[in-house]
Amino acid sequence: MQSQSKLSHLMKRGTDLLGSETAIMCGAMSWVSERNLVSAISNAGGFGVIACGAMTPDLLDTEIAETKKLTSKPFGVNLITMHPDLMALIAVCGKHEVTHVVLAGGLPPKGSLEAIKATGAKVICFAPALSLAKKFLRSGVDAIVIEGMEAGGHIGPVSTSVLAQEILPELAKEVPIFVAGGIARGSAIAGYLEMGASGVQLGTRFVCAHESIAHPNFKKAFIRGNARDAITSVQVDARLPVIPVRALKNKGTEEFTKKQIEVAKLLDAGEIEMGEAQLQIEHFWAGALRKAVIDGDVENGSVMAGQSVGMVKAEESVAEIVKSLTDEAEAALAR
Ligand SMILES: Cc1cc2nc3c(=O)[nH]c(=O)nc-3n(C[C@H](O)[C@H](O)[C@H](O)COP(=O)(O)O)c2cc1C
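Residues numbered from 1 in each chain as written. Predicted model: local features only at pLDDT ≥ 70, side-chain atom pairs only at ≥ 80, totals over all residues.

K.L.:
How would you summarise the sheet that holds strand E5 (residues 122-126) if you had to cite specific residues and measurements?
P.N.:
Strand pairing within a sheet occurs via backbone hydrogen bonds; the two strands may be parallel or antiparallel. The strand order around the closed barrel built from 8 strands is E1-E2-E3-E4-E5-E6-E8-E9, with neighbouring strands paired in parallel fashion. For this sheet, the mean inter-axis angle between neighbouring strands, taken without regard to orientation, is 25°. Alignment of strand E6 (residues 143-147) against strand E8 (residues 177-180), held across 4 bridges, turns out to be parallel. Counterpart to Ile146 in the pairing with E8 is Val179. Seen against the sheet, helix H7 (residues 160-171) touches E6 and E8 and runs at an angle of roughly 175° to E8. (Pairing = 2+ DSSP bridges. Helix = DSSP H or I, 4+ residues; strand = E, 2+ residues; numbered from the N terminus. Axes fitted to C-alpha atoms, helices over the stretch in contact; angles between N-to-C directions. Contact = placed C-beta atoms within 7 Å.)

K.L.:
Just give me the short version of the environment of Val245, but keep the residues and values in it.
P.N.:
Tracing the chain through its elements places Val245 in strand E11 (residues 245-248). Overall, the presence of 19 C-beta atoms within 10 Å leaves Val245 in the partly exposed class. Not counting residues within four places of it along the chain, the set of residues in contact with Val245 comprises Gly153, His154, Thr232, Ser233, Trp285 and Met304. (Buried ≥ 20, exposed ≤ 12 C-beta atoms within 10 Å, placed from the backbone.)

K.L.:
Let's hear about the site of the ligand: which residues, and what values?
P.N.:
Taken together, 27 residues form the shell around the ligand, and within it Gly27, Gly152, Gly153, Gly203 and Gly306 come nearest. Taken together, the residues of the shell around the ligand break down into 11 nonpolar, 13 polar and 3 charged. (Near = placed C-beta within 6 Å. Nonpolar A, V, L, I, M, F, W, Y, C, P; charged D, E, K, R; others polar.)

K.L.:
Got a sec to walk through helix H10 (residues 251-268)? Specific residues and values, please.
P.N.:
A rise of 1.5 Å per residue sets the reference length of H10, with its 18 residues, at 26 Å; its end C-alpha atoms lie 26 Å apart and thus fit the reference within 8%. By the burial criterion, the buried members of H10 are Gly252, Phe256, Gln260 and Val263. Looking down the long axis of H10, one finds its buried residues gathered within 100° of arc, a one-sided arrangement. Of the exposed residues in H10, the ones pointing more than 90 degrees away from its buried face are Lys251, Glu254, Lys258, Ile261, Glu262, Lys265 and Asp268. Here the buried face of H10 lies against helix H11 (274-293). The positive-phi residue at the C-terminal boundary of H10 is Gly270, with phi of around 70°. (Expected span 1.5 Å × (residues − 1). Arc of directions from axis to C-beta.)

Below you can see the structure in the form of structure tokens.
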């Protein structure tokens, strides 16, 4: 009982900010984090986040409305800063009085933070470095996620443990910070909370939830996968700075290398501009992830997964996952 109150105490700033029972966020995962998983996470006491990804404003409008039918608990919407319709997507969030907007994918364009704040929503930003975290603080963001390179999907170059040691002591008193990347056990949650985090964000651990609509093949690949199978993509051309992606090694990973060579050749031949080249590469990922998550083609698609995939051993309900994480965190704090 005492340890439970210690967990709640350490998470208090996180739960106050999110309005959830526990400060465990399920990070937005394109194609996976839709109405079913998001509502299940929030209904289980965590905090679900819709992945807007490349959705149009109309699709996001429907997704938010449908999620609201499945939960009365708070949830967030993750928007990618380089989405061409970012301002329209913010307006859709405003229309539905979405309480939390998570901005991913680099520096928010001018006016976007203000536009989100004007809807009354809280803004949460990803900070891949201390300097950027400080900049976000000055711009008035309400919370920060620091995500290490152990995570699944697009990643930065620094590990979670280093980011946590660099950023938490400096900024944890000033703003709630959520730690992400490589977390699959409650003991790790307890550790980051004791270092000053207000909460955590997990992705990989929730992919195989019963409530996740990921294709059975995608879930099987996760259950079979080991930490060392979740590798990062390689960049083949200095002119094409691709953001590394962590995914399970398969034919798709090799295809990505080939795609980069192909695009670099088009650049050499002057057949496409740099912007178009980078866009082609991003589109490759979006399509490849859909192929794996929705169609179940885990050979040719992109099976984005974090290094914690080796600790995903079975399909469980979201409530079971949240309970085991909080039980483990409580036990660790009691020790
Ligand atoms: C399949 C998959 C898709 C993801 N898609 C997105 C996304 O669209 N936007 C985003 O901000 N993060 C995305 N992420 C990152 C997660 O939101 C989360 O931060 C990350 O999974 C946490 O690290 P972990 O995988 O080690 O738990 C994705 C992760 C995975 C595994």
